[in-house]
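A look at the structure
Each chain, letter by letter, is given below.
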Amino acid sequence: MRRRKTAVTVGCCLAFLLGTLLNLLFIPGSEPPPPPGDELPPSPPGVSLYPPEEEIGGGQAALARQIRERYEEVLRYRQHWAAAAGRRPLRPRERRLMDLAPPRTSAEQPRPPGPRDRPAAGPWAGASAELSLEPPLLGCRDIRDVSGVQYLGSGYTKAVYKAVLNRTLAVALKAVDFGGHDIAHCVRQFSALGDCYRLAAYKIVKEMILLQRLRHANVLQLYGYCYQDSNDIPDTLTTITELGSPLEMIQLLQASWEDRFRICLSLVRLLHYLAHSPLGSVTLLDFRPRQFVIVDGELKVTDLDDASIEESSCTSNSDCFMEFPARNFTLPCSVEGRCQSMNEKRNLYNAYRYMI
């Protein structure tokens, strides 16, 4: 009898482990983020964004192309939002990011709007992708004398710090991690720290635009940004955001059912908003617990540099096949050659897979 119970127990454990392995290996949840070696990030205003390809070697030409692609991706998000919202054309004197205008003389340079916003350095200061951050906008002056600075963590691109402003407001500061994988890999490959930083910084700029455009109770709040010189690079970018505590699954499992229900409800509201956002259906390609924080008991997404509004391309319905643990779906392929609601379905699956 004991031997039979042991055999049944072992069989159940093996079945559970096998099912989990098959779920992880063979069920596509989302498009994984680009391999660390292929994804290359953002840049602040500064020197020329990219040199002419005919004047540079093959390796630097590849780096320039990647910078150009990152910049154009950020422009698409800004312009997509502007078209959807029917915004007026940008005025030349508005404060903007990622300058690409022709060089101006010193007499033509617009006066900075205030002490919080530094004028962009370099010959390309003039016109760029505007953020239109609404007041109260925090800037360099506000983070000049911060206290209680504490390192919180880092990923492939960014490092995050906790800081206290005016001894009252705790915020999170995000900046490109010079010791991170993206910068280190790029420098090893191209030996150009300035351009590698510019590439990496575009991911932060993209995230800033998305945090500004996706206004929702379950999206982290953006307070402002600052350009300042660092590591011999002019105008390095730091963003100032709402501070939250990391989402720890062990702590979540130990929480009361009321707290867990509230977080689950926050997740559902976020998924609904992402499916019907002003930018269209937004998918989080890197949908994992570490991309979320808890603020006053509410779940908020904090990392949006791997978000996408592009639905998967297709030529027929068979290209829009999605396999789930309990059920498979074949989504319709639109006349524009895009899988309808694919972004929404990815988010739903990943929410189930990693969190629910």
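As the structure is a prediction and not an experimental result, all values here were calculated from the model.

**What to know about the pattern of salt bridges**
- What the rule picks out here adds up to 12 salt bridges.
- A salt bridge links Arg 70 to Glu 73; its shortest N-O distance comes to 3.3 Å. Here the residue Arg 70 and the residue Glu 73 both occupy positions in helix H2 (residues 58-85), the gap between them amounting to 3 residues, near one helical turn.
- Since its relative accessible area comes to 14%, Arg 70 is described here as buried.
- Glu 73 gets classed as buried once you look at its relative accessible area, which sits at 15%.

**Notes on the sheet that holds strand S3 (residues 147-154)**
- Read across the open sheet, the 5 strands follow the order S3-S4-S5-S7-S6; overall the sheet is antiparallel. The open sheet is flanked by S3 and strand S6 (222-230), the only strands paired with a single partner. If you compare each strand with its neighbour and ignore which way they point, the axes differ by 25° on average.
- Of the strands in this sheet, strand S4 (158-165), strand S5 (169-176), S6 and strand S7 (233-242) touch helix H5 (residues 193-213), which is tilted by about 25° from S7.

**Here we look at the pairing of S5**
- Of all 8 residues making up S5, 6 are buried, and the element is well covered by its neighbours.
- Pairing analysis gives 8 bridges linking S4 to S5, with the strands arranged antiparallel. By the bridge assignment, Val 160 is partnered in S5 with Lys 174.
- Hairpin connection between S4 and S5: a loop of 3 residues separates the two successive antiparallel strands, and Asn 166 in this loop has a positive phi of roughly 55°.
- Sheet analysis places S5 next to S7, joined by 5 bridges and oriented antiparallel. Residue Ala 172 lies in a different strand from S7, and its bridge partner there is Thr 241.

**Quick look at the packing of aromatic side chains**
- A complete count under the given rule lists 6 aromatic pairs for this structure.
- Each ring, one from Tyr 151 and one from Tyr 161, has its centre 5.6 Å from the other, and the planes form 65°; the classification is edge-to-face. In this pair, Tyr 151 sits in strand S3 while Tyr 161 sits in strand S4, placing the two residues 10 residues apart along the sequence.
- Between Tyr 349 and Tyr 352, the aromatic rings sit 6.3 Å apart at their centres with planes inclined by 50°, giving tilted as the arrangement. Residue Tyr 349 and its partner Tyr 352 are located together in helix H8 (residues 342-354), separated by 3 residues, close to a single helical turn.
- The class for Tyr 349 is buried, based on a relative accessible area of 1%.

**Describing the confidence of the model for the chain**
- Confidence in the prediction of the chain, expressed as mean pLDDT, is 76, and 68% of residues score 70 or more.
- Of the regions scoring below 50 in pLDDT, residues 87-131 engages in 104 contacts with residues more than four places distant in sequence or in other chains.

**Concerning the sheet that holds strand S10 (residues 292-295)**
- The antiparallel open sheet is built from 3 strands, whose spatial order is S8-S10-S11. The open sheet has two edge strands with one neighbour each: strand S8 (245-246) and strand S11 (298-301).
- Sheet topology note: the S8/S10 ladder contains 2 bridges and is antiparallel. Looking across to S10, one finds that Pro 246 is bridged to Val 293.

**Thoughts on the state of the cysteines**
- Throughout the structure, instances matching the rule amount to 4 disulfides.
- The disulfide partner of Cys 140 is Cys 226, and the S-S distance across this bridge is 2.0 Å. Judged by the sign of its S-S torsion, about 105°, the bond between Cys 140 and Cys 226 is right-handed. One end of the pair, Cys 140, is in helix H3 (residues 140-143); the other, Cys 226, is in strand S6, and 86 residues separate them in sequence.
- Cys 226 gets classed as buried once you look at its relative accessible area, which sits at 1%.
- Two residues share a disulfide in this structure: Cys 314 and Cys 333, whose sulfurs sit 2.1 Å from each other. Disulfide Cys 314-Cys 333: the torsion about the S-S bond is 95°, which places it as right-handed. Highlighted residues: Cys 314 in the loop between strand S12 (307-308) and strand S13 (321-323) and Cys 333 in the loop between strand S14 (328-330) and H8, separated in sequence by 19 residues. Judged on exposure class, the residue Cys 314 and its partner Cys 333 are both buried.
- Bonded cysteines in the chain are paired 1-4, 2-3, 5-7, 6-8 when counted in the order they occur along the chain.

What counts and how
Residues numbered from 1 in each chain as written. Predicted model: local features only at pLDDT ≥ 70, side-chain atom pairs only at ≥ 80, totals over all residues. Heavy atoms only, no water. Salt bridge = Lys/Arg side-chain N within 4 Å of Asp/Glu carboxyl O. Helix = DSSP H or I, 4+ residues; strand = E, 2+ residues; numbered from the N terminus. Buried < 20%, exposed > 50% of the residue type's maximum accessible area, 1.4 Å probe, protein only. Pairing = 2+ DSSP bridges. Axes fitted to C-alpha atoms, helices over the stretch in contact; angles between N-to-C directions. Contact = heavy atoms within 4.5 Å. Phe/Tyr/Trp six-rings, centres within 6.5 Å; stacked < 30°, edge-to-face > 60°. pLDDT = per-residue confidence, 0-100. Disulfide = S-S within 2.5 Å.

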